[in-house]
Amino acid sequence: MLNFIGVFAEKVNKNITRFNKVNWEKVEENKSNPLKKIIWKYYESDENYFEKKNKQSSTTDKKNSHSEKRNFKSSKISVFSITEIEPFLPLNNFLEYDTIQASVRWKSSFDGGVGGGTGQQNPSFVFDYGISDSSLISIYITGADDDLYNLVDGQKINYYWQSYALSLKKKLIDEEDFDFGLSLVSTLEYWRHASGSETAKSIYNQKDSTLGKDKFENLVGALSFPISKNLNENISALIVPGITFLPEKLGPKGIGKNSYGNNFYIGSGLVFDIAEDFNLLLSYTTPLGPGNNYFDSNLNYSRKPIYSFGLGWNVNPKIGIEGKITNSYGASPSTGILTIPSDDLPLYSATLTYRPYGEDTYLNTLNERDKLISKGGITVNNALLPKAGNSQINISSDSRGNLFGSYYYSLSNLFQLELLNIGRFNNLNFKGSKKSHLYSNYLDENNFNFRLGGKLLIFSPQKNDLYWLASRLSVGRNDDTNQGYLFTEFMNTFRLNNWLAFNVSPKYFFSGVESFGGIGFSSYINLSDNLMLIPEINTSIKNDSELNSTLAVRYSFSSEKSLDLYYSNAAGVQDIGHLLKDNENRFGIKLNFLY
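These notes cover the structure that comes with them. Computed from a predicted model, the values in this text were never measured in an experiment.

What about the overall build of the protein chain?
1) Next: Scanning the protein chain from terminus to terminus reveals five helices and 29 strands.
2) Next: Put simply, 57% of the contacts in the protein chain that link residues at least 6 apart link residues at least 24 apart.

Now the structure itself:
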């Protein structure tokens, strides 16, 4: 059989040579050629090439996994993003490694006491940085400058506080491993403070009647051990033993103790996560001495318990807002247990927290005509907001000498920060007005008003709501009279069709001189793609209301640049000016930039 196959193969091979497709050869039994031995070599002459590749792939997978986990955590900011109830009541919560958050806190009394005005304020700035997942470093900057809330020896006495604090929080026990969490928080603080003036003696002078200011600079500090336990998935309980280190005697004119001194304290708190984005904050702290945290109008020092209660709202993972009632006036870990100088009063506290790494709320893009009105009006604002990362600049001047400028920055699609709003009212004619006392306090001849604030978008058709609703709050004062006020408004903006939108804006003016509400109405009427008519009316909600009106024409060079020409009898384009009337009309120009 094998011989037959061999002969046949030779025959076939000869017959099909001309086709040059398949070559057949005779393979003799037991003489087949073995395959050549395969020689293996390292790829690119690198013995560890594939091992390195495997390690790189593994490392990349781990990094991607960590990034995914981090993004997931960042998109679910909740109660655990809160790092403290009060500066002296830290929580056992930390930021992730290499992430930051910044907070602006405003503490104030509800009135100014003998000093007048809207209240005695102690604003502060806090910067937090996660140096690891279990270590947090915080910087506090605070400042208060006012008259004591009460008279002392029948006199108004000025005081001044300023603090620069550096705080380190280190986790000692993780609640995931044990039944409770424990951390160590240490703070070093530079405290500048002063009392007295050319017309009043210092509260630290107990020996004679010499007038003048006493100034002091001290290194102070605080130490605390927050102990926390999650009672369930919604409630966290906190116990904080701690101590503050403050001087007990200041200057050579004190008789015995004339300041606060060191204080041990025991603080307690509850954080109740009442909804996914809302939490209830409660705290109560008892100073144990040997020092004090309060003094009265007779300069008698003693100890008062410190309380706070309020709500926190994470608007989105990028923006957090907190509002509380408390009798804590200090805004740093060392001074936080102190009450308002010369009294013990309930105060209000408002905090805005910004987390740059947080995920923002998605909004659909504004159409071209809505972009043209997003830069606001003249004396009636609207609820639209430029998208995150955009800056807005407005500059206005009129025929009677009013001059104003403002700068805004959108931290989020839902929040715009009013970083600067300055200017002066000029040549006002308010003869016969029932609000002349407001003019003399805030719009006097040498006035210079500076303000800051923020605007929060609540509803928007960009996220499938029926209309735009936004809330704006601003604070500031007249530098000439040192009188301040708070201004708030709720703007409702409706788009009726392609050429018409209108706005309704309730407003409230709050000050130590007078407080009252008002309402503004405005329309945006498109005459063409780049030309718009803007009529506005404002009136206060009182029997002695002063109605004012404005008519403006806006020419838009682009969606980012526009020019307003207006004719108005409103006192001005800055806050209080919206609700007050000038007896004479004025022509004005306003430049709007968005970038």
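Still to come is the rest of the account.
A word on the pairing of strand β21 (residues 449-459)
1) Next: Sheet topology note: the strand β20 (residues 415-424)/β21 ladder contains seven bridges and is antiparallel. From the neighbouring strand, Phe-415 faces β21, where its bridge partner is Leu-456.

With respect to empty space enclosed by the protein
1) Next: This model, assessed by the stated rule, comprises seven cavities of 30 Å³ or more.
2) Next: Quantified by volume, the largest cavity comes out at close to 350 Å³.
3) Next: Asn-381, Asn-394, Ser-406, Tyr-408 and Asn-421 are, among the 27 residues lining the largest cavity, the residues nearest its centre.
4) Next: At the level of elements, β18 (391-398), β19 (403-412) and β20 are the ones that each hand at least two residues to the lining of the largest cavity.
5) Next: Along the lines of polarity and charge, the residues of the lining of the largest cavity split into seven nonpolar, 14 polar and six charged.
6) Next: Its boundaries defined by the atoms lining it, the second largest cavity holds a volume of some 250 Å³.
7) Next: For the second largest cavity, the lining is made up of 20 residues, of which Ile-82, Ser-103, Glu-322, Thr-351 and Thr-353 are closest to its centre.
8) Next: Among the elements of the structure, β3 (100-108), β4 (121-132), β12 (278-290), β15 (306-316), β16 (319-326) and β17 (347-354) are those that each provide at least two residues to the lining of the second largest cavity.
9) Next: For the lining of the second largest cavity, the residue count by class is five nonpolar, 10 polar and five charged.

Side note on the packing of aromatic side chains
1) Next: Counting across every chain of the model gives 22 aromatic pairs.
2) Next: When the ring of Tyr-204 is compared with that of Phe-216, the centres are 5.3 Å apart and the planes differ by 85°; the resulting orientation is edge-to-face. One end of the pair, Tyr-204, is in the loop between β7 (181-195) and β8 (214-224); the other, Phe-216, is in strand β8, with 12 residues separating them in the sequence.
3) Next: By relative accessible area, Tyr-204 is classed as buried at 7%.
4) Next: Between Phe-295 and Tyr-301 the ring centres are 5.2 Å apart and the planes differ by 40°, which places this aromatic pair in the tilted class.

A word on the sheet that holds β20
1) Next: Strand order in the closed barrel made by the 12 strands is β18-β19-β20-β21-β22-β23-β24-β25-β26-β27-β28-β29, with antiparallel pairing throughout. Strand-to-strand twist across the sheet, computed as the mean angle between neighbouring axes with direction ignored, equals 20°.
2) Next: Alignment of strand β26 (residues 531-540) against strand β27 (residues 548-556), held across eight bridges, turns out to be antiparallel. Bridged to Met-532 within β27 is Arg-554.

What to know about the nonpolar core
1) Next: By size, the foremost hydrophobic cluster in this structure holds 41 residues, and its most contacted members are Tyr-442, Leu-443, Leu-457, Phe-509, Ile-576 and Leu-580.
2) Next: Look past the residues within four positions of Leu-580 in its chain and what remains in contact with it is Lys-435, Leu-438, Tyr-439, Leu-443, Glu-546, Asn-548, Asn-569, Ala-570 and Ala-571.
3) Next: Counting residues in hydrophobic clusters, the runner-up holds 36 residues, among them Ile-203, Leu-246, Leu-338 and Leu-345.

Thoughts on the side chain of Asp-582
1) Next: Checked against the element boundaries, Asp-582 lands in strand β29 (residues 581-594).
2) Next: We classify Asp-582 as buried; its relative accessible area is 1%.
3) Next: Leaving out residues up to four positions away in the same chain, Asp-582 has contacts with Arg-400, Asn-427, Leu-428, Asn-429, Asn-569, Ala-570 and Ala-571.

Section: the environment of Lys-201
1) Next: Relative to the helices and strands, Lys-201 is located in the loop between β7 and β8.
2) Next: For the pair Lys-201 and Asp-153, spaced 48 residues apart in sequence, the C-alpha to C-alpha distance is 9.8 Å.
3) Next: Aside from chain neighbours lying at most four places away, what touches Lys-201 is Asp-153, Gln-155, Ile-157, Gly-196, Asp-208, Ser-209, Thr-210, Leu-211 and Gly-212.
4) Next: Only 3.3 Å separates the side chain of Lys-201 from the backbone oxygen of Asn-205, close enough to count as a polar contact.
5) Next: Of the polar contacts made by the side chain of Lys-201, one reaches the backbone oxygen of Asp-208; its length is 3.1 Å.

Reading guide: rules and limits
Residues numbered from 1 in each chain as written. Predicted model: local features only at pLDDT ≥ 70, side-chain atom pairs only at ≥ 80, totals over all residues. Heavy atoms only, no water. Helix = DSSP H or I, 4+ residues; strand = E, 2+ residues; numbered from the N terminus. Contact = heavy atoms within 4.5 Å. Pairing = 2+ DSSP bridges. 1 Å grid on protein atoms, 1.4 Å probe; cavity = no way out; pocket = protein on both sides within 12 Å on 5 of 7 lines; lining within 4 Å. Points joined across faces, edges and corners; volume = space filled by probe spheres on them. Nonpolar A, V, L, I, M, F, W, Y, C, P; charged D, E, K, R; others polar. Phe/Tyr/Trp six-rings, centres within 6.5 Å; stacked < 30°, edge-to-face > 60°. Buried < 20%, exposed > 50% of the residue type's maximum accessible area, 1.4 Å probe, protein only. Axes fitted to C-alpha atoms, helices over the stretch in contact; angles between N-to-C directions. Core = buried A, V, L, I, M, F, W, Y, C linked by side-chain atoms within 4.5 Å. Polar contact = N/O pair within 3.5 Å; in protein donor to acceptor, adjacent residues only side chain to side chain.

Read these as layout, nothing more, since geometry by itself doesn't imply function.
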